[in-house]
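These are the residues of each chain, in order.
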Protein chains: 2
Amino acid sequence: MAYELYYWPGIQGRGEFVRLALEEAGAEYVDVVRTRGGMAAMAALMDGKGGGHPPFAPPFLKDGDLVVGQTAAILFYLGPRLGLAPADEAGRLWVHQIQLTIADLVAEAHDTHHPIDADLYYEDQKPEAAWRARGFRENQNPRLPGLVRAAADVQSGRQRSLGRGGADLCRSVAVPGGGGAAICLPAFHRACLALHAARGCLA
Amino acid sequence: MAYELYYWPGIQGRGEFVRLALEEAGAEYVDVVRTRGGMAAMAALMDGKGGGHPPFAPPFLKDGDLVVGQTAAILFYLGPRLGLAPADEAGRLWVHQIQLTIADLVAEAHDTHHPIDADLYYEDQKPEAAWRARGFRENQNPRLPGLVRAAADVQSGRQRSLGRGGADLCRSVAVPGGGGAAICLPAFHRACLALHAARGCLA
């Protein structure tokens with residue numbers, strides 16, 4: 001049976017991380033909310049009308065009767081099934097840690113454009129955004145080599161056991177959630193460039 | 001062998017979520033950085049001197065040769081081992097989703113005091129904090145019932161299979177990471193009170 005992905009249509013956001021994994025693996029899936037009646041189907045599941053545990057927020061994945069929410073949890077579930085992560089517990093947890101760290105980084109990159117309120121436009125909080133971005137550039141960079149090292153580690157030594165997982169992780173990094181605006185960030189660009197330089201992982 | 005927890009001494013932060021789980025289960029563990037030489041031991045592991053994968057940031061847990069970083073990943077690892085989460089995949093993923101959602105909420109609560117820069121004092125960003133807190137109170141509350149429902153669900157119907165996991169989750173919610181200041185937030189208080197009212201889970 002095809003996987004069902006539920007996410008807001010028209011934005012990349014957190015759902016894009018799941019789409020990339022499904023696309024990378026060539027998995028059979030339906031992007032439900034981009035189909036006719038999809039929004040109502042998503043609302044019904046969130047209201048608990050699908051049985052089981054209603055997910056808290058999109059994105060979530062439906063695989064038969066199982067519904068999994070939270071981007072990192074979805075990727076953790078899909079990883080070994082799609083051949084994008086090792087099947088053994090230690091390897092799987094390691095990839096999960098990298099994914100959670102990437103999620104932290106993406107959330108921080110997002111907040112440089114929306115430091116005050118994610119529901120307000122960037123234009124409504126530009127001075128605060130500039131201030132937050134300064135701290136992000138100055139304080140985040142020392143932490144980035146660790147992430148680069150981790151991704152490069154996945155990409156190189158563990159490439160054989162991971163299959164295409166390393167490339168997928170890097171591509172996920174290069175497509176920030178929370179709107180395309182974050183990709184303009186110099187610091188984020190530097191991180192992506194460093195990742196690419198380390199392994200040429202988008203080649 | 002005792003678990004080894006590595007986290008900054010003197011703050012609750014994200015490490016407290018792991019401490020609570022270990023304490024709740026009565027597990028044997030060492031809070032390494034609160035022992036003599038512990039800070040150097042933590043630095044050595046982060047520098048990759050412990051072999052295996054160096055963790056990106058505290059908190060991390062060492063269990064024999066395995067090192068697991070990221071709060072949610074640590075709790076995912078410990079859950080079934082400590083009898084705090086179901087052992088089956090679906091149940092385990094469900095508790096993980098709740099934990100990740102709590103982590104999102106705690107990060108947002110933290111940022112109401114540090115909207116611009118986590119390295120700056122609250123006093124250095126008070127007007128911005130007040131603005132962000134307003135959005136948090138107004139925009140977050142509609143989402144809280146979902147979390148309350150999820151926690152109550154864990155606490156009630158699944159109490160038997162979860163053992164003490166539900167109570168532990170609720171206690172984790174009541175002890176926000178990123179400094180004690182966040183606990184003063186009216187919205188966060190309301191969330192905790194709602195959780196307590198729903199299940200009396202701190203009784």
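Residues numbered from 1 in each chain as written. Chains lettered and ligands numbered in written order. Predicted model: local features only at pLDDT ≥ 70, side-chain atom pairs only at ≥ 80, totals over all residues. Heavy atoms only, no water.

Draft legend 1. Just the sheet that holds strand S2 (residues 29–31) of chain A, in detail. Residues and elements named next belong to chain A. Read from one edge of the open sheet, four strands run S2-S1-S3-S4, paired in mixed fashion. In this open sheet, the two strands that pair with only one neighbour each are S2 and strand S4 (66–69). For this sheet, the mean angle separating the axes of adjacent strands, direction not counted, is 20°. As paired elements, strand S1 (residues 3–6) and S2 share three bridges and run parallel to each other. Counterpart to Leu5 in the pairing with S2 is Asp31. Packed on one face of the sheet, helix H3 (residues 71–81) meets S1, strand S3 (60–63) and S4 and runs near 125° to S4. (Pairing = 2+ DSSP bridges. Helix = DSSP H or I, 4+ residues; strand = E, 2+ residues; numbered from the N terminus. Axes fitted to C-alpha atoms, helices over the stretch in contact; angles between N-to-C directions. Contact = heavy atoms within 4.5 Å.)

Draft legend 2. Quick look at the packing of H3(A) against helix H4 (residues 89–111) of chain A. Residues and elements named next belong to chain A. Their axes nearest at 10 Å, the elements H3 and H4 cross at an angle of 145°. Regarding H3 and H4, the two cross each other, and that crossing is right-handed. Here Ala72, Ala73, Leu75, Phe76, Tyr77, Pro80 and Arg81 of H3 lie close against H4, whose contacting residues are Arg92, His96, Gln99 and Leu100. Counted by class, the contact of H3 with H4 contains seven nonpolar, two polar and two charged residues. (Left-handed = near helix turned anticlockwise from the far one by under 90°. Nonpolar A, V, L, I, M, F, W, Y, C, P; charged D, E, K, R; others polar.)

Draft legend 3. The arrangement of the interface of chain B and chain A in detail. At the junction of the two partners, chain B supplies 46 residues and chain A supplies 46 residues. For the pair chain B and chain A, the summed buried area comes to about 3,800 Å², and 58% of that belongs to carbon and sulfur atoms. Inspection of the chain B/chain A interface yields eight salt bridges. One can count 13 residue pairs in polar contact (both at pLDDT 80 or more) joining chain B with chain A. Going through the elements one at a time, strand S4 (66–69), helix H3 (71–81), helix H4 (89–111), helix H5 (126–140) and helix H6 (144–155) of chain B are the ones with two or more residues in the side of chain B that touches chain A. The dominant element in the side of chain B that touches chain A, judged by the number of residues it contributes, is H4(B), at eleven residues. Of the residues belonging to the side of chain B that touches chain A, the class tally is 20 nonpolar, eleven polar and 15 charged. (Buried area = accessible area lost by both parts, 1.4 Å probe. Salt bridge = Lys/Arg side-chain N within 4 Å of Asp/Glu carboxyl O. Polar contact = N/O pair within 3.5 Å; in protein donor to acceptor, adjacent residues only side chain to side chain.)

Draft legend 4. Just the packing of aromatic side chains, in detail. All names here are of chain A. Under the counting rule described, the total for this entry stands at three aromatic pairs over all chains. Between Tyr6 and Phe60, the aromatic rings sit 4.9 Å apart at their centres with planes inclined by 10°, giving stacked as the arrangement. Placement of Tyr6 in strand S1 and of Phe60 in strand S3 is noted, with a sequence separation of 54 residues between them. Phe60 shares its class with Tyr6; the two are buried. (Phe/Tyr/Trp six-rings, centres within 6.5 Å; stacked < 30°, edge-to-face > 60°. Buried < 20%, exposed > 50% of the residue type's maximum accessible area, 1.4 Å probe, protein only.)

Draft legend 5. Region of interest: the pattern of salt bridges. Residue and element names in this part refer to chain A. Counted under the stated rule, the structure contains 16 salt bridges over all chains. Linking Glu16 and Arg19 is a salt bridge whose minimum nitrogen-to-oxygen distance equals 3.1 Å. Remark: Arg19 and Glu16 occur in helix H1 (residues 15–25); sequence separation between them is three residues, near one turn of the helix. Per residue, the accessibility class of Glu16 equals that of Arg19, and both read buried.

Draft legend 6. Up close: the sheet that holds strand S1 (residues 3–6) of chain B. Residues and elements named next belong to chain B. The four strands are arranged S2-S1-S3-S4 in an open sheet whose pairing can be described as mixed. Edge positions in the sheet fall to strand S2 (29–31) and S4, since each has one partner strand and no second. Neighbour to neighbour, the strand axes of the sheet diverge by 20° on average, direction disregarded. Of the strand pairs in this sheet, S1 and strand S3 (residues 60–63) are connected by three bridges, and their pairing is antiparallel. By the bridge assignment, Glu4 is partnered in S3 with Lys62.

Draft legend 7. Quick peek at the packing of helix H1 (residues 15–25) of chain B against H3(B). All names here are of chain B. Their axes nearest at 9 Å, the elements H1 and H3 cross at an angle of 15°. When the axes of H1 and H3 are compared, the pair comes out roughly parallel. Crossing handedness for the pair H1 and H3: right-handed. Along its contact with H1, which presents Phe17, Val18, Ala21 and Leu22, the element H3 presents Thr71, Ile74, Leu75 and Leu78. Counted by class, the contact of H1 with H3 contains seven nonpolar, one polar and no charged residues. (Parallel < 35°, antiparallel > 145°, perpendicular 65-115°, else oblique.)

Draft legend 8. Examining the relation of the copies chain B and chain A more closely. With an RMSD of 0.0 Å, chain B superimposes on chain A once it is rotated by 180° and translated 0.0 Å along the axis. In the structure described here, the two chain copies are related by an operation that fits a two-fold rotation axis. Closest approach to the rotation axis among the C-alpha atoms of chain B is made by B:Pro115, whose C-alpha sits 2.9 Å away. (Least-squares fit on C-alpha atoms with pLDDT ≥ 70 in both.)

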